[in-house]
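Analysis of the macromolecular model
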Amino acid sequence: EDQVTQSPEALRLQEGESSSLNCSYTVSGLRGLFWYRQDPGKGPEFLFTLYSAGEEKEKERLKATLTKKESFLHITAPKPEDSATYLCAGRLNRDDKIIFGKGTRLHILP
Amino acid sequence: GAGVSQSPSNKVTEKGKDVELRCDPISGHTALYWYRQSLGQGLEFLIYFQGNSAPDKSGLPSDRFSAERTGGSVSTLTIQRTQQEDSAVYLCASSMNLLQPQHFGDGTRLSIL
């Protein structure tokens, strides 16, 4: 069964405390791995797309990496405004369906 | 430069009624997607359109759900004979094509009494 699993479900960090969020996937043929940020009451906001193992993308304090089995979203020296739910999703090669993980709720304490 | 627009933003209706949710994608985006997000759950993929065609409707939860897209633009998701388990946020997204990132609207929060 195609699955995308995110961990941890929730994470509380002090401002400036770096950490990583995990997204592991078991899909039969991945055609892109996506990271989104979602604030309460809003739709997800696109962050990154990764296509092949070894690929890395960066944006401000965020860096996304991809291996053959998982992706990481590294957050360096986070600020309170980075608090949000972070979602990852995989697009299936065979039918272009997109499977989302349940997300990691990140809370950065000032 | 408007983003994806969904209406209504909130809908409260009685069990058994039909509801219609609307999505206006970003102009020029050929791909359009519908998702459902329930409390504590991830986004559930419902259906996508490439142009006006929906290649695979198997993600729709039941035959009470239907979706259409006209003119390669606006899409409507219709739920007939609503049930309480249909209560959720329904999100729409669009992208330039199937390979490009999706841009989401802020959703329609549907509550079935």
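See the structure printed just above.
Just so you know, the residues in each chain are numbered from 1, in the order the chain's sequence is written. Key to labels: chains lettered from A, ligands numbered from 1, both in the order written. Residues qualify for local features only when their pLDDT is at least 70, as the model is predicted, and side-chain atom pairs are given and counted only at 80 or more; totals for whole chains, interfaces and linings, by contrast, use all residues. Note that the side-chain values use all heavy atoms of the structure and ignore hydrogens as well as water.

1. Observations regarding the packing of aromatic side chains
The criterion for an aromatic pair is that two Phe, Tyr or Trp rings (for Trp, the six-membered ring) have centres within 6.5 Å, with stacked assigned to planes under 30 degrees apart, edge-to-face to planes over 60 apart and tilted to the rest. Under the criterion given, the structure shown has nine aromatic pairs over all chains. Both rings, one in B:Tyr35 and one in B:Phe104, keep their centres 5.5 Å apart while their planes meet at 40°; by these two values the pair is tilted. Of this pair, B:Tyr35 sits in strand β4 (residues 31–37) while B:Phe104 sits in strand β9 (residues 103–104), and the two are 69 residues apart along the sequence. With a relative accessible area of 10%, B:Phe104 lands in the buried category. Between B:Phe45 and B:Tyr48 the ring centres are 6.2 Å apart and the planes differ by 45°, which places this aromatic pair in the tilted class. Of the two residues, B:Phe45 and B:Tyr48, both sit in the buried class. In this structure an aromatic cluster arises from ring pairing among A:Tyr36, A:Phe46, A:Phe100, B:Tyr33, B:Tyr35, B:Phe45, B:Tyr48 and B:Phe104. Numbering of helices and strands runs from the N terminus, with a helix taken as a DSSP run of H or I at least four residues long and a strand as a DSSP run of E at least two residues long. Here's how the labels work: a residue is buried when its accessible area is under 20% of the maximum for its type, exposed when over 50%, partly exposed in between, all with a 1.4 Å probe on protein chains only.

2. Description of the interface of chain B and chain A
For this analysis, residues touch if any pair of their heavy atoms sits within 4.5 Å. Counting residues at the interface gives 21 residues for chain B and 19 residues for chain A. Taken over both partners, the interface formed by chain B and chain A buries close to 1,700 Å², and the fraction arising from carbon and sulfur atoms is 53%. Throughout this description, the term salt bridge denotes a Lys or Arg side-chain nitrogen within 4 Å of a carboxyl oxygen of Asp or Glu. For the pair chain B and chain A, the interface holds two salt bridges. Here B:Asp106 and A:Lys42 are joined by a salt bridge, their closest N and O atoms 3.8 Å apart. Polar contacts, as counted here, are pairs of nitrogen or oxygen atoms within 3.5 Å of one another; within protein the pair requires one atom able to donate a hydrogen and one able to accept it, and residues that are adjacent in sequence qualify only if both atoms are side-chain atoms. Taken together, the connections running from chain B to chain A amount to seven residue pairs in polar contact (both at pLDDT 80 or more). Of all the secondary structure elements, the ones that give two or more residues to the side of chain B that touches chain A are β4 and β5 (43–50) of chain B. Put simply, Ala, Val, Leu, Ile, Met, Phe, Trp, Tyr, Cys and Pro go in the nonpolar bin, Asp, Glu, Lys and Arg in the charged bin, and everything else, Gly too, in the polar bin. Of the residues assigned to the side of chain B that touches chain A, the class counts are 10 nonpolar, nine polar and two charged. Summed over both partners, the accessible surface that disappears when two parts come together, traced with a 1.4 Å probe, is what is meant by buried area.

3. Re unusual backbone geometry
For the bond running from A:Ser7 to A:Pro8, omega is -10°, close enough to zero to count as cis. Mapped onto the elements of the fold, A:Pro8 is located in the loop between β1 (3–7) and β2 (10–14). Positive phi is not limited to glycine here, since A:Ala77 has a value of about 45°. With respect to the element layout, A:Ala77 can be found in the loop between β8 (70–75) and β9 (84–92). Of note in the backbone geometry, B:Arg81 takes a positive phi value of approximately 45° without being a glycine. Turning to its location among the elements, B:Arg81 is positioned in the loop between β7 (75–79) and β8 (88–95). Relative accessible area serves as the criterion here: at 43%, B:Arg81 is assigned to the partly exposed category.

4. Brief notes about the side chain of B:Gln37
Topologically, B:Gln37 is positioned in strand β4. Each residue touching B:Gln37, except ones within four places of it in the same chain, is listed here: A:Gln38, B:Gly42, B:Leu43, B:Ala88, B:Val89 and B:Leu91.

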